[in-house]
Number of protein chains: 2
Amino acid sequence: MAAPRARTRIQARNSEVILDAALDVFSQYGFRGATLDQIAERAGLSKPNLLYYFPSKEAMHVTLLSGLLDTWLDPLRALDPEGEPVEEILAYVRRKLEMSRLYPRESRLFANEILQGAPRILDMIEQDLKALVDEKAALIRGWSAAGRLADIDPYHLMFSIWATTQHYADFDIQVHRVLGQSGDAPYDEAERFLSHLYRAALAPPGPGAR
Amino acid sequence: MAAPRARTRIQARNSEVILDAALDVFSQYGFRGATLDQIAERAGLSKPNLLYYFPSKEAMHVTLLSGLLDTWLDPLRALDPEGEPVEEILAYVRRKLEMSRLYPRESRLFANEILQGAPRILDMIEQDLKALVDEKAALIRGWSAAGRLADIDPYHLMFSIWATTQHYADFDIQVHRVLGQSGDAPYDEAERFLSHLYRAALAPPGPGAR
DNA sequence: CCTGCCGCTGACCAATTGGTCAAACATTCA
DNA sequence: TGAATGTTTGACCAATTGGTCAGCGGCAGG
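Residues numbered from 1 in each chain as written. Chains lettered and ligands numbered in written order. Predicted model: local features only at pLDDT ≥ 70, side-chain atom pairs only at ≥ 80, totals over all residues. Heavy atoms only, no water.

Below, the discussion takes up the overall build of chain A. What chain A contains, in helices and strands, is 10 helices and 0 strands. The principal-axis extent of the C-alpha atoms belonging to chain A is close to 70 × 40 × 30 Å. Across the 210 residues in chain A, those meeting the buried criterion constitute 54%. The contacts in chain A between residues at least 6 apart in sequence include a share of 68% that link residues at least 24 apart. Taken as a whole, chain A presents about 9100 Å² of accessible surface, with 49% of it coming from carbon and sulfur. (Helix = DSSP H or I, 4+ residues; strand = E, 2+ residues; numbered from the N terminus. Buried < 20%, exposed > 50% of the residue type's maximum accessible area, 1.4 Å probe, protein only. Contact = heavy atoms within 4.5 Å. Areas by Shrake-Rupley, 256 points an atom, 1.4 Å probe, with all protein chains shown as cover.)

With that out of the way, let us pick up the relation of the copies chain B and chain A. Aligned on chain A, chain B shows an RMSD of 0.0 Å; the corresponding rotation is 180 degrees and the shift along the axis is 0.0 Å. Both copies are brought into coincidence by an operation consistent with a two-fold rotation axis. Rotation axis and chain B: the residue whose C-alpha lies nearest the axis is Gly33(B), separated from it by 2.0 Å. When you check the interface residues of chain B against chain A, 100% turn up at the interface there too, and the contact is symmetric in its surfaces. (Least-squares fit on C-alpha atoms with pLDDT ≥ 70 in both.)

Another point: the protein's contact with DNA strand C. Taken together, 18 residues form the shell around DNA strand C, and within it Leu36(A), Lys57(A), Thr8(B), Gln11(B) and Tyr53(B) come nearest. Note that a base nitrogen of DNA strand C is positioned 3.0 Å from one of the side-chain N or O atoms of Lys47(A). Here a phosphate oxygen of DNA strand C sits 2.9 Å away from a polar atom, N or O, in the side chain of Asn14(B). Secondary-structure elements contributing two or more residues to the surface near DNA strand C are helix 2 (36-43) and helix 3 (47-53) of chain A together with helix 1 (9-33) and helix 3 (47-53) of chain B. No other element matches helix 3 of chain B, which puts 4 residues into the surface near DNA strand C. (Near = heavy atom within 4 Å. Polar contact = N/O pair within 3.5 Å; in protein donor to acceptor, adjacent residues only side chain to side chain.)

Okay, the interface of chain B and chain A next. The accessible area lost on association of the parts is a frequent measure of interface size. Contacts between chain B and chain A engage 53 residues on the former and 53 residues on the latter. Buried surface at the junction of chain B and chain A, both sides included, amounts to about 5000 Å², of which 70% is carbon and sulfur. Across the contact surface, chain B and chain A share 2 salt bridges. Linking chain B with chain A are 16 residue pairs in polar contact (both at pLDDT 80 or more). For the side of chain B that touches chain A, the secondary-structure elements that each account for two or more residues are helix 1, helix 6 (104-115), helix 7 (122-145), helix 8 (154-170), helix 9 (172-179) and helix 10 (185-202) of chain B. Looking at side-chain class alone, the side of chain B that touches chain A contains 29 nonpolar, 15 polar and 9 charged residues. (Buried area = accessible area lost by both parts, 1.4 Å probe. Salt bridge = Lys/Arg side-chain N within 4 Å of Asp/Glu carboxyl O. Nonpolar A, V, L, I, M, F, W, Y, C, P; charged D, E, K, R; others polar.)

What follows concerns the protein's contact with DNA strand D. Taken together, 18 residues lie around DNA strand D, and Thr8(A), Gln11(A), Tyr53(A), Leu36(B) and Lys57(B) are the ones closest in. For DNA strand D, the backbone makes up 57% of the atoms found within 4 Å of the protein, where backbone means sugar plus phosphate. One nitrogen or oxygen atom from the side chain of Gln11(A) is found 2.7 Å from a phosphate oxygen belonging to DNA strand D. In this structure, Tyr52(A) approaches DNA strand D through a side-chain N or O atom, which is 3.1 Å from a phosphate oxygen.

A word on the nonpolar core. Ranked by internal contacts, the top residues of the largest apolar core, which has 146 residues, are Tyr198(A) and Tyr198(B). With residues up to four places along the chain from it excluded, the contact list for Tyr198(B) reads Leu197(A), Leu90(B), Val93(B), Leu157(B), Ser160(B), Ile161(B) and Thr164(B). (Core = buried A, V, L, I, M, F, W, Y, C linked by side-chain atoms within 4.5 Å.)

A word on the pattern of salt bridges. All chains considered together, the criterion is met by 28 salt bridges over all chains. Among the ionic pairs, Asp134(A) bridges to Lys130(A), the shortest N-O distance being 3.0 Å. Linking Asp134(A) with Lys130(A), this pair stays in helix 7 (residues 122-145), spanning 4 residues, or about one helical turn. A relative accessible area of 28% means that Asp134(A) is categorised as partly exposed. For Arg199(B), the salt bridge goes to Glu87(B), with nearest N and O atoms at 2.8 Å. Placement of the pair is Arg199(B) in helix 10 and Glu87(B) in helix 5 (residues 85-102), with a sequence separation of 112 residues.

Here we take up the domain arrangement of chain A. Residues and elements named next belong to chain A. Here the domain parsing of chain A yields domain 1 (9-55) and domain 2 (64-202). Distance between the C-alpha centres of domain 1 and domain 2: 29 Å. Contacts between domain 1 and domain 2 engage 12 residues on the former and 8 residues on the latter. Taken as a group, Leu 23, Ser 27 and Phe 31 account for 59% of the area that domain 1 buries against domain 2, more than any other trio of residues on that side. Taken together, the connections running from domain 1 to domain 2 amount to 2 salt bridges. Ionic pairing is found between Arg 105 and Asp 24, a salt bridge with its closest N-O pair at 2.7 Å. At the surface where domain 1 touches domain 2, the tally comes to 3 residue pairs in polar contact (both at pLDDT 80 or more). (Domains from an automatic or database assignment.)

A separate point is unusual backbone geometry. Residues and elements named next belong to chain A. At Ala 118, a residue that is not glycine, the phi angle is positive and equals roughly 55 degrees. Positionally, Ala 118 belongs in the loop between helix 6 (104-115) and helix 7. What makes Ala 118 buried here is its relative accessible area of 0%.

On to helix 9 of chain B. Burial of helix 9 of chain B is extensive: 6 of the 8 residues sit out of reach of the surface. Residues of helix 9 of chain B that are buried in the fold lie against helix 6, helix 7 and helix 8 (154-170) of chain A together with helix 6, helix 8 and helix 10 of chain B. Following helix 9 of chain B by one or two positions, Gly180(B) has its phi on the positive side, about 65 degrees.

This paragraph deals with helix 5 of chain B. All names here are of chain B. Between its first and last C-alpha atoms helix 5 spans 26 Å; for 18 residues at 1.5 Å apiece the expected length is 26 Å, and the two agree. Listing the buried residues of helix 5 in full gives Pro 85, Val 86, Glu 88, Ile 89, Leu 90, Ala 91, Tyr 92, Val 93, Lys 96, Leu 97, Met 99 and Ser 100. Where helix 5 is buried, its residues meet helix 4 (57-77), helix 6, helix 7, helix 8 and helix 10. (Expected span 1.5 Å × (residues − 1).)

Written out as structure tokens, the structure reads:
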């Protein structure tokens, strides 16, 4: 998911191995709780070797985070002003849920960063994220005003979509234990549930609503 | 919120001061990322003094967590089988949102623990939490079967309620930055939004639905 | 006023932390 | 093949970590 700079084959491979291991550890323990020894062990490399590829622990963390927010927002960017409002938002929910299913570690890395006060991505949140959200919020408000969507707060709609979809990645242990299931089964159920939830809440108050 | 054992006045006061400081630090950095020095500084006590009241860092964490899950489930326990289904669930959402507003640190402590794999509360989740959720899920299914509630998966309904309400505590930095607001204002908007969301999704398919 | 316990602390400890470095080893390419 | 370049590591370092301990102060009850 992250694409490190690399000049040689070995650099490309090892940078990736390191970032993958770092993602494992950072996403579980957060930046402060992670140790280079843990990352080194999981990467199958020596600690000094990690520091041959990255100048510091923080550099690994920044590398992981910097690419993340961008990828994370792709599903929202894809919200199409030309599409049918309810279906567009439902498709967004599905894309977001798919992100949680495919990239749970990235979701947890992000959650950990926010929980710790977002020290390294506060700027990005206030700039890029806010700008995109404002844009899409205006779009959704337009849909509502045109009667093509229920009259709903677009910001809190997005918060709820983020919360419900990321929940399956961030709290997956709880989800699996409560359901007594394992694997990806919860995601299929979640998709059906969330489709119902948002379809019902977003349906426009048609002139002669059935 | 937590009630430490205490024999003398000083013990009662200092135990509470320590747990309050520990909650600050643990909820932000997680168990591994938290340090006794941080807790000591925030509590205004010396590090050895902390360890006079608690035998170890882990003991503080366990003390905080042990009381937490119980309190955390109170809103769900209060779901009344005798009540009107839709209003009962909406009241549950409001209680849960109120918990996030009043106890955001506790919410984050819990989130951190789950993110790290719930090493200290997995048992509680599989026992107490699962039992309560199963019970209430059966109740909700009954309501649906009786046509008093939409036919909806009760487990994922609860997941979505947890996710959306706790989001305002766990991701509050993001929420505030995106909204460009501060203080409790988001909570009032959230209550209106979530009421609409769940009312729409839970409304039973009445025989002659209006 | 003295005795005894509770509360508190400075000094200390071993283990772990992120990070350095010189030297050894491997690869590439002329 | 050999020199230059790229890769790896053991040994090491200072700082920080969670935790110990002997002793000191202060308050309470006799």
